[in-house]
Amino acid sequence: MPATPLQEQARWLPAGPAEPAHAPRIAIEAYDTLYGLEADWLAFQDRAAGTFFQTYQWCSAWIATAGAAAKAEPVIVTGRDPSGELLFLLPFCARRRQGCRVLEWMGGQQMTYGYGLYDRRFLHRATDWFAAEGWNVLAQLHNIDAVDLADMPAKWEGCAHPLASWFSFAGRNLSYVLRLGEDFEALYARKRSGETRRGNRKRDAKLAKAAKIEVGLPQDRAQAHQLIEDMFEQQKSRLAESGIHGVFNTHERQFMHRLIDLPDHMQPVLLPYCMKADGELEAVALGGHYGGGYWALISSLGSPRLRRYSPGDALLRRTIEACCGRGLKFFDFSTGSFDYKLAWADEHIELFHGVRGLTPCGYAWALHRSIVLASKRFIKRTPLLWNALAKARRAVFGQGAH
């Protein structure tokens, strides 16, 4: 059954200020469900510029699990040319926050990039088009008080973010990307010094002597489900050591399991590389698979027994090597300025946040939200404050406090 637009008729808007007067106009529609869009969405994402977090697989699994728990309602905005071909697809959702109905990217806190899907021919004029017509697009949506769009990359595929005119301020995090090639050894030599490589070889040899090491992917869905559960338990224990609790709740676990259970024609969605030591799970590097890339999601480590041999670093190297062998073109490390990301990455991506009020209620909400986000960014980018906060959290909430 096809999805039903929120409007009775599509609104036709000009193609953009950079286009001649006779340029084709764009039909804008908004939908309150994903499922009638499945065929168009899947076909479009195969040729569009976008990220893993705007795929049908990711969005449909999230809205049915973590999104449903957060009472998020789909708001999918599409733009089509006169022939009906998709030019863009924006997977938004709306939910109540402090009495206001707020528009967000679908994916919530599990998302790394707020972007959308864009026809590559349209992408080169998309920034100008949205600067001129974007707020008219928002005006068509029902009962939206404010906009809170997080983690929008300044550039993607060499082009400015189509919604750059909606940016309010820089986010508190950066993300990091490594460009892959077919020859892992050449890549490894390019990114890590000879001294580092020699040290890694010594640790790897000690690790192999201490336990029988196996690295790979689960063989079937049943193994994948068990691996995901074990990974969450490992991560829960590891984060608790730093005083961080309740990061992965039941609904977020359900979200990952639902990605595993998506039908065969949508697979592979996840690439959960794992390391076992003497048959026991030692480390997991869970990533998404889309657009010729690996998108890091969650990593975990097991018991402290083998940590002196850096099993997490060993698994990362084996995962990057496997991605080279699969012919993938890039490895997205996600956000967070950790030393290992800085050492491997070829580029960093600055992320921006868009916060705007659309109604009197939304103006007040957006002002408060902006103050909170700006404060968090200041703390995160001030090492003295950030380190002090981390130490206090470990002291108060860490395992030793219980």
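Here the residue numbering is sequential within each chain, running from 1 through the sequence in written order. Only residues with pLDDT of at least 70 get local features here, since the model is predicted, and only at 80 or more are side-chain atom pairs given and counted; chain-wide, interface and lining totals rely on the full set of residues. Excluded from the side-chain calculations are hydrogens and water; all other atoms, namely the structure's heavy atoms, are used.

Okay, the overall build of the protein next. Runs of E in the DSSP output that reach at least two residues are strands. Runs of H or I that reach at least four are helices, and both are numbered from the N terminus. Scanning the protein from N- to C-terminus turns up 12 helices and 16 strands. Going through the 402 residues of the protein one by one, you find that 50% of them count as buried. When contacts within the protein are restricted to residue pairs at least 6 apart in sequence, long-range pairs at least 24 apart make up 73% of them. In these tables, accessible area is a Shrake-Rupley quantity obtained with a 1.4 Å probe, and a residue counts as shielded only by the protein chains included in the view. For the protein, the exposed area adds up to about 19100 Å²; of that, 52% sits on carbon and sulfur atoms. Here's how the labels work: a residue is buried when its accessible area is under 20% of the maximum for its type, exposed when over 50%, partly exposed in between, all with a 1.4 Å probe on protein chains only. A contact between two residues is defined here by any heavy atoms of the two lying within 4.5 Å.

Turning to the pattern of salt bridges, a few remarks are in order. Any Lys or Arg side-chain nitrogen located within 4 Å of an Asp or Glu carboxyl oxygen qualifies as a salt bridge. Evaluation of the coordinates by the stated rule reveals 18 salt bridges. The shortest N-O distance in the salt bridge between R95 and E104 comes to 2.9 Å. Exposure remark for E104: the relative accessible area of 7% places this residue in the buried category. The shortest N-O distance in the salt bridge between E157 and R120 comes to 2.8 Å. Of this pair, E157 sits in the loop between β8 (155-156) and β9 (159-160) while R120 is found in helix α4 (residues 120-139), placing the two residues 37 residues apart along the sequence. We classify E157 as partly exposed; its relative accessible area is 43%. A relative accessible area of 37% places R120 in the partly exposed class. What emerges from the salt-bridge pattern is a single network uniting R95, R97, E104, D148 and R369.

Along its 12 residues, helix α8 (residues 250-261) runs 16 Å from first to last C-alpha, staying within 8% of the 16 Å computed at 1.5 Å per residue. Among the residues of α8, those classed as buried are E252, R253, F255, M256, H257, L259 and I260. For α8, the side-chain oxygen to backbone nitrogen distance between the N-cap and H251 is 3.0 Å, and the N-cap itself is N249. To estimate how far a helix should extend, the number of its residues minus one is multiplied by 1.5 Å. Any pair of nitrogen or oxygen atoms within 3.5 Å is treated as a polar contact; in protein, a donor-acceptor pairing is required on top of that, and neighbouring residues in sequence qualify only through side-chain atoms on both sides.

For the rest of this paragraph, the subject is the pairing of strand β10 (residues 169-179). Every other side chain in a regular strand lies on the same face of the sheet, so the side chains alternate between the two faces. The element β10 is largely enclosed, with a buried count of eight among its 11 residues. Only strands that DSSP links by at least two bridges are regarded as paired with each other. Across six bridges, the pairing between β10 and strand β16 (residues 347-357) is antiparallel. Paired with L174 across the two strands is E350, which belongs to β16. Relative to strand β15 (residues 330-335), β10 is paired through five bridges, and the arrangement is antiparallel. Pairing of L178 across the sheet is with F331, part of β15.

For the rest of this paragraph, the subject is the state of the cysteines. Defined by distance alone, a disulfide is two cysteine sulfur atoms within 2.5 Å. The full count for this structure, using the stated rule, is one disulfide. In this model, C100 is linked to C361 through a disulfide, with the two sulfur atoms separated by 2.3 Å. Around the S-S axis, the bridge from C100 to C361 shows a dihedral of about -105° and counts as left-handed. In this pair, C100 sits in strand β5 (residues 100-105) while C361 sits in helix α11 (residues 360-380), placing the two residues 261 residues apart along the sequence. Judged by its relative accessible area of 36%, C361 is partly exposed. No disulfide involves C59; its nearest neighbouring cysteine sulfur is the one of C93, lying 9.0 Å away. Residue class for C59 comes out buried when judged on its relative accessible area of 0%. Note on C93: relative accessible area 0%, which makes it buried.

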